[in-house]
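The residues making up each chain are set out below.
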Amino acid sequence: MMRLLALVIILATTAAVTSVAATAGRAGGPGTALAIGFALIAASLTGELFERFRLPRISGYLFFGVVCGPYAGAILTPAMARELQVVNGVAIALIAFIAGLEINFVRLRPQLRAMLTMGGVMLGLMWLTLSVLFFVAWPWLPIAPEIDGLARAAMAALVATVTVSFSPTVSIAVITESRARGPLCELVLALVVLADLMLILLFTLSMESVRFALGSGQAGHGILSGLAWEIFGSFAFGGIVGACFAFYLRYVGREVTVVLLGVAVLLSQVGGALHFEPLLAALGAGLVVENIAPPEGDALRLAVERGALPVLVLFFAAAGANLHLGALASVGLFAVAISAIRMALIHGTARAGARVAGLTGEAPSLAWMGLVSQAGVTLGLAILINAEFPDWGGRLYALIVSMITLHETIGPILFRSALVRAGEVGRMDLHEHAERRTPNAEAPA
């Protein structure tokens, strides 16, 4: 109740300030500081309120942006909504870096081949099916219906790539909140993280294909050299940055949160200036830190919790605030239809992938329920498309955000239901309790 009251007070105060500024006719209106401060506090409170209803905080941040944005409540002016996007590059790098930190090859090694097989079959079948469906239905999709030929095939493949993506962030959040542990948790985490790794590579290939098909890329050996630079160069750059960061964590270990944000800025800004793919570079940095030079203690975990939260709050709030509701209304039915097809494909391909991989039992049969959510990586990909192709990217961005909103509402509920059916909810607490009791049990009487 107190949080709701605080949210109402903040909304009213900011609305009054923006109204007075508009009445006075001040050039530019309220500044960046007010936009960022208001979004940080109000969006965080909205996320906490959503969490009380067992919904992900990310949905609350998006909801705040849409409701308070210039196309709905108009508490945020168009200029303020644009200024919130200042953190987009850093947020995308942080999201990919966190995804890389979740890929621990030692932990995944026992079932890595089976999980890769299941994930590869799933992604391959889903991507091919959606690419064909998007190509056939392209004239009726509200993106760029006039496009035809090779460009249409390349754009259909790009949209399929973004549609297929999963959400390690939401999966980890649901597992943590449920205090769950067991085979289903391990399988879902491995699938979403490995899938994101493969999808980021596929996204890079698809983007280069669209550039070439639309005449904005290079031909012949130029496209191959460009792909090699973007993929291998990005991983190499990210690996170097990750190794330096791991060295700092091990031998200095001070002000880790500030240094982490600096690493994200380096990966997004410097990497972009050198024509590296920020997503791949940040993913490579996370992989190196986690697998080659893992830090000691909880310094990095605490730094991620402290540093990522405000950046991600602004990132998702800005995404909602800059969403044109007119465009959202025009793609709403398409978003529902595509989401239903995607969910059916996840269910069917997960079963097919489990059979091919030889995985049996309850965990593989329930795994599809943990793969419905979409979040940061998907939104980051949509933002990159919108930035490079503003003529049609805005319509695709509206479609992707609509789908994310649906998946963020349905996905966590389905995953928690699967964890309950598998009997894994609360087992993390039981495991920790057993570990604490073991030394006492072995102590001499």
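Coordinates for the structure precede this section.
**Looking at the overall build of the protein chain**
For the protein chain, the count of helices and strands is 19 helices and 0 strands. The long-range share in the protein chain, meaning contacts at least 24 apart out of those at least 6 apart in sequence, stands at 83%.

**Examining the pattern of salt bridges**
Scanning all chains against the criterion turns up 3 salt bridges. Two residues, Arg211 and Glu388, come together in a salt bridge whose shortest N-O distance is 2.4 Å. Here Arg211 is found in helix α10 (residues 183-213), whereas its partner Glu388 is found in helix α17 (residues 376-388), with 177 residues between them in sequence. A single salt-bridge network, built from bridges that share partners, covers Glu208, Arg211 and Glu388.

**Looking at helix α7 (residues 112-137)**
For α7, with 26 residues, the first-to-last C-alpha span of 36 Å sits near the 38 Å given by 1.5 Å per residue. Those residues of α7 lying buried are Leu112, Ala114, Met115, Met118, Gly119, Val121, Met122, Leu123, Met126, Leu130, Ser131 and Phe134.

**Things to note about the side chain of Thr378**
Along the chain, Thr378 falls in helix α17. If we ignore the near neighbours within four places in the chain, the residues touching Thr378 are Val162, Ser165, Phe166, Ile400 and Ile404.

**What about the packing of α10 against helix α13 (residues 278-291)?**
To describe two helices that pack against each other, one gives the angle between their axes and the distance between the axes. Between α10 and α13, the shortest axis-to-axis distance is 10 Å and the interhelical angle comes to 150°. If you check the angle between α10 and α13, you find them roughly antiparallel. The hand of the α10/α13 crossing is left-handed. When α10 is examined against α13, the residues Leu197, Ile200, Leu201 and Thr204 are found in contact with a partner set consisting of Leu279, Leu280 and Leu283. Classifying every residue of the contact of α10 with α13 by side-chain character gives 6 nonpolar, 1 polar and no charged.

**Points about the packing of helix α3 (residues 57-68) against helix α18 (residues 390-421)**
In contact at an axis separation of 9 Å, α3 and α18 are set at 145° when each is read in the N-to-C sense. α18 is crossed by α3, and the crossing has left-handed handedness. Each of Ile58, Ser59 and Leu62 in α3 lies in contact with α18, whose residues at this interface are Ile404, Thr405, Glu408 and Thr409. Taken together, the residues of the contact of α3 with α18 sort by class into 3 nonpolar, 3 polar and 1 charged.

**As for the packing of aromatic side chains**
Taken as a whole, this structure holds 4 aromatic pairs when the rule is applied. Measuring from ring centre to ring centre gives 4.7 Å for Phe247 and Tyr251, while their planes differ by 45°; the resulting arrangement is tilted. Placement of both Phe247 and Tyr251 in helix α11 (residues 221-251) is noted, with a separation of 4 residues, approximately one turn of the helix. Judged on exposure class, the residue Phe247 and its partner Tyr251 are both exposed. Over the ring of Phe135 we find Arg152, and its NZ or CZ is 4.5 Å from the ring centre.

**Quick word on the nonpolar core**
Nonpolar side chains in soluble globular proteins tend to be buried together. By size, the foremost hydrophobic cluster in this structure holds 146 residues, and its most contacted members are Met118 and Trp392. Looking at which element gives the most residues to this core, the answer is α10, with 16 residues. For Trp392, the residues in contact, after removing those within four places along its chain, are Ile143, Ala144, Met155, Leu158, Val210, Leu214 and Ile385.

**A short note on unusual backbone geometry**
A positive phi angle, near 50°, is found at Glu255, a position not held by glycine. Secondary-structure assignment places Glu255 in the loop between α11 and α12 (256-273). Residue Glu255 is classed as exposed on the basis of its relative accessible area of 60%.

**Looking at the environment of Arg416**
Relative to the helices and strands, Arg416 resides in helix α18. Classification of Arg416 by relative accessible area gives partly exposed; the value is 26%. Along the chain, Arg416 and Ser178 lie 238 residues apart, while their C-alpha atoms are 7.4 Å from each other.

**Concerning the environment of Leu201**
Tracing the chain through its elements places Leu201 in helix α10. Note: C-alpha distance between Leu201 and Leu279 (78 residues apart in sequence) is 9.3 Å. When sequence neighbours within four positions are dropped, the list of residues in contact with Leu201 reads Ile231, Phe235 and Leu280.

**What to know about the environment of Ala317**
Structurally, Ala317 is set in helix α14 (residues 299-321). With residues near it in sequence (within four places) discarded, Ala317 still touches Ala43, Tyr61, Phe64 and Gly65.

**Concerning a nonpolar patch on the surface**
On the surface, Val132, Phe135 and Val136 cluster together to form a nonpolar patch covering roughly 260 Å² of accessible area. Relative to the helices and strands, Val132 resides in helix α7.

**Brief notes about the side chain of Thr46**
Assignment of secondary structure puts Thr46 in helix α2 (residues 32-52). Polar contacts involving the side chain of Thr46 include one to the main-chain carbonyl oxygen of Ala42, which spans 2.8 Å.

**A closer look at α13**
Between its first and last C-alpha, α13 extends 20 Å over 14 residues, near the 20 Å set by a 1.5 Å rise per residue. The buried fraction of α13 is high, at 13 of 14 residues.

Rules used throughout
Residues numbered from 1 in each chain as written. Predicted model: local features only at pLDDT ≥ 70, side-chain atom pairs only at ≥ 80, totals over all residues. Heavy atoms only, no water. Helix = DSSP H or I, 4+ residues; strand = E, 2+ residues; numbered from the N terminus. Contact = heavy atoms within 4.5 Å. Salt bridge = Lys/Arg side-chain N within 4 Å of Asp/Glu carboxyl O. Expected span 1.5 Å × (residues − 1). Buried < 20%, exposed > 50% of the residue type's maximum accessible area, 1.4 Å probe, protein only. Axes fitted to C-alpha atoms, helices over the stretch in contact; angles between N-to-C directions. Parallel < 35°, antiparallel > 145°, perpendicular 65-115°, else oblique. Left-handed = near helix turned anticlockwise from the far one by under 90°. Nonpolar A, V, L, I, M, F, W, Y, C, P; charged D, E, K, R; others polar. Phe/Tyr/Trp six-rings, centres within 6.5 Å; stacked < 30°, edge-to-face > 60°. Lys NZ or Arg CZ within 6 Å of the ring centre and 35° of its normal. Core = buried A, V, L, I, M, F, W, Y, C linked by side-chain atoms within 4.5 Å. Patch = residues over 30% accessible without salt bridge, like charges linked within 9 Å, V, L, I, M, F, W, Y side chains within 5 Å. Areas by Shrake-Rupley, 256 points an atom, 1.4 Å probe, with all protein chains shown as cover. Polar contact = N/O pair within 3.5 Å; in protein donor to acceptor, adjacent residues only side chain to side chain.

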